[in-house]
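Spelled out, the chains give:
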Amino acid sequence: MEKRDNWRKQAGDLTAILLGNALYALAVAAFVLPNGLITGGSTGLALVARHLWGVPVEGFVAVFNPAMFLLGLWALGGRFALTTLVSSFWYPVVFGLLQRVPGIAFPTEDKLLAVVFAGGMIGVSIGVVIRAGASTGGMDIPPLVLQRKAGIPVSVSIYAFDFAILLGQMAFARREEVLYGILLVLVYTLVLDKVLLMGSSRTQVKVVSARYEEIRQLILRELDRGCTLMEAETGFCGNRWPMVLTVVSGRELPRLTRIIQELDPDAFLVVSRVTEVRGRGFTLGKVYRQREEE
């Protein structure tokens, strides 16, 4: 059973990597190139190479990505190579095929619309690949190498590389196009963050109430969620009531607040979003144990 689940996970990750890179290639072929958008990454470098030396974009990508893969293999080891191999070779193949599809360019003359759709598709595609435990290859690899060899944070390297690539495109791009390029990078960065957090963000609720024990029992029975009692003291009256801490999904929040307010209308609630939760009931399966009495 464990081997079967592991095989299914690997098959799912491989499918996500293939679809993510295909979506990335479609965004570039349908929106970025037809509308003359400039961007960072390997695609941005390919646009610079096309302007300076007349190298076709698909040809540059087909050579550059495998070269970056070999760099990652040398610097980061075989495990990294296995997760990046598919992206490094699959993306240029799909991109080359899409370039030959008649009418692949999306029929719009509105560059702002093209930026929004291209940024959204690129952000989703990169997020899907990263969630599958892989890298999209290309310009994602040098920042990882710099982090391993020189201790430079990945985010700093990525921003530096993208900025340098955008500056390189200023030689043949109008100022307006540079602004569109900056907007494109911002859009896919925002979408990427949302995709990476999708399904993992939760809502944290802290409850201060004299009826904390009843609230604890309701959370355990009605919502089938765990909770933690934390030592607390109210600031005005100095009441020493344990504060109830629990984490629920967005759908469970209205029900939780309703049952707490019905039980104790004077209860004090603090609700906040958390980006990730790990442990029993979330990333691990629930285990029901008999409560140990003191």
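Residues numbered from 1 in each chain as written. Predicted model: local features only at pLDDT ≥ 70, side-chain atom pairs only at ≥ 80, totals over all residues. Heavy atoms only, no water.

Draft legend 1. Highlighting the overall build of the chain. The helix and strand tally for the chain stands at 10 helices and 4 strands. Beginning at the N terminus, the succession of helices and strands in the chain can be written as α-α-α-α-α-α-α-α-β-α-β-β-α-β. By the burial criterion, 40% of the 294 residues in the chain qualify as buried. For the chain, contacts bridging at least 24 residues in sequence account for 75% of all contacts bridging at least 6. In the form shown here, the chain has an accessible surface area of approximately 17400 Å², with 61% of it arising from carbon and sulfur atoms. (Helix = DSSP H or I, 4+ residues; strand = E, 2+ residues; numbered from the N terminus. Buried < 20%, exposed > 50% of the residue type's maximum accessible area, 1.4 Å probe, protein only. Contact = heavy atoms within 4.5 Å. Areas by Shrake-Rupley, 256 points an atom, 1.4 Å probe, with all protein chains shown as cover.)

Draft legend 2. Looking closely at the environment of T203. In this structure, T203 sits in strand β1 (residues 202–208). With relative accessibility at 2%, the residue T203 sits in the buried group. Sequence-wise, T203 and R273 are 70 residues apart; in three dimensions their C-alpha atoms are separated by 4.6 Å. Contact partners of T203, with chain neighbours within four places excluded, come to T246, V247, V248, S249, G250, L253, V271, S272, R273 and V274. At a separation of 2.7 Å, a polar atom in the side chain of T203 contacts the side chain of R273. (Polar contact = N/O pair within 3.5 Å; in protein donor to acceptor, adjacent residues only side chain to side chain.)

Draft legend 3. Region of interest: the side chain of E177. Looking at the secondary structure, you find E177 in helix α8 (residues 175–197). The residues touching E177, leaving out its near neighbours within four places in the chain, are G36, I38 and K111.

Draft legend 4. Region of interest: unusual backbone geometry. Even without a glycine there, the phi angle at D224 is positive, about 55°. Within the secondary structure, D224 is located in the loop between α9 (212–222) and β2 (228–230).

Draft legend 5. Examining the packing of aromatic side chains more closely. Applying the stated criterion across every chain, the model contains 4 aromatic pairs. Pairing F60 with F64 gives two aromatic rings, centres 5.4 Å apart and planes at 15°, and the pair type is stacked. Residue F60 and its partner F64 are both found in helix α3 (residues 57–76); the two are separated by 4 residues, about one turn of the helix. Taken as a pair, F60 and F64 share a single burial class, namely buried. Between Y91 and F95, the ring centres sit 5.9 Å apart and the planes meet at 20°, which makes this aromatic pair stacked. A residue pair is termed a helical-turn pair when its members lie 3 or 4 positions apart in one helix, as Y91 and F95 do in helix α4 (residues 78–99) at 4 residues. Accessibility classification places Y91 together with F95 in one group, the buried group. Among the aromatic residues, those joined into a cluster by ring pairs are Y24, Y91 and F95. Just above the ring of W74 sits the side chain of K149; from NZ or CZ to the centre is 5.3 Å. (Phe/Tyr/Trp six-rings, centres within 6.5 Å; stacked < 30°, edge-to-face > 60°. Lys NZ or Arg CZ within 6 Å of the ring centre and 35° of its normal.)

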